[in-house]
Amino acid sequence: MTFTWRRLGEADFPLLRRWLEQPHVARWWFHETSAEAVARDFGAAARGEEPSEDLLVHLDGRPLGLVQRCRLADYPGYRDELAAVTAVPDGAVTVDYLIGEPERTGRGLGPAMIRAVVERTWEELPDATCVLVPVPVANRASWRALEKAGLRRVAEGELEPDNPADDRAHYLYRVDRPA
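Residues numbered from 1 in each chain as written. Predicted model: local features only at pLDDT ≥ 70, side-chain atom pairs only at ≥ 80, totals over all residues. Heavy atoms only, no water.

Student: Help me understand the state of the cysteines in this model?
Tutor: Among covalent bonds in proteins, the disulfide is the one between the sulfur atoms of two cysteines. Applying the stated criterion across every chain, the model contains zero disulfides. The thiol of Cys130 is not disulfide-bonded; the next cysteine sulfur, from Cys70, is found 12 Å away. (Disulfide = S-S within 2.5 Å.)

Student: When you look at the environment of Leu125 in this model, what are you seeing that I'm missing?
Tutor: Looking at the secondary structure, you find Leu125 in the loop between helix 5 (109–124) and strand 5 (130–136). We classify Leu125 as buried; its relative accessible area is 7%. Once the C-alpha coordinates of Leu125 and Val93 are considered, the two residues, 32 residues apart in sequence, prove to be 9.0 Å apart. (Helix = DSSP H or I, 4+ residues; strand = E, 2+ residues; numbered from the N terminus. Buried < 20%, exposed > 50% of the residue type's maximum accessible area, 1.4 Å probe, protein only.)

Student: Teacher, can you tell me more about the sheet that holds strand 7 (residues 169–176) here?
Tutor: Pairing is mixed in the open sheet, where seven strands are placed in the order 1-2-3-4-5-7-6. Each having just a single partner strand, strand 1 (3–7) and strand 6 (152–158) make up the two edges of the open sheet. Across the sheet, the mean angle separating the axes of adjacent strands is 30° when strand polarity is ignored. The sheet contact formed by strand 4 (residues 92–99) and strand 5 spans two bridges and is parallel. What sits directly across from Ala92, in strand 5, is Cys130. On top of the sheet, helix 5 reaches strand 1, strand 2 (53–59), strand 3 (62–71), strand 4, strand 5 and strand 7; it is set at about 45° to strand 3, its chief contact. Across the face of the sheet, helix 6 (residues 140–148) comes into contact with strand 4, strand 5, strand 6 and strand 7 while running at roughly 155° to strand 5. (Pairing = 2+ DSSP bridges. Axes fitted to C-alpha atoms, helices over the stretch in contact; angles between N-to-C directions. Contact = heavy atoms within 4.5 Å.)

Okay, here's the thing in structure tokens:
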């Protein structure tokens, strides 16, 4: 099982749009899926105009999912929201993720993808000190994937949910850079 990734490009937007429309993704990403909305929300990162990275993840050469990765220092409002719940060290990075195709979920690919991205984060972002990930308490599949990937729950608190239908209860998971 080999994971590779590259920065999401504008040519990938139709694939991303299809993934965002999948019920298992739409439930937690709560994203507008018109072509214009996808271009608006992902275009700046795809063009390198945004400090975050949208990474199109492939498994054995076939598109699997998306990982968004950013340094929390680049998004001070978000960092401060997380810091109200748990310590956010200098150099903290966060990720968000999805597996696009429903038939590829529930097979252990999520934890493996997260683990691969975290391991490569230490190489690709040498100033990263930890990966800190908030996840809604109700999204059991997501927080279980984080646990299986080696992250540990470090806090529980209220954060603004992506989907207004959800309550504010979140777990925060963390893994520190290996010594």
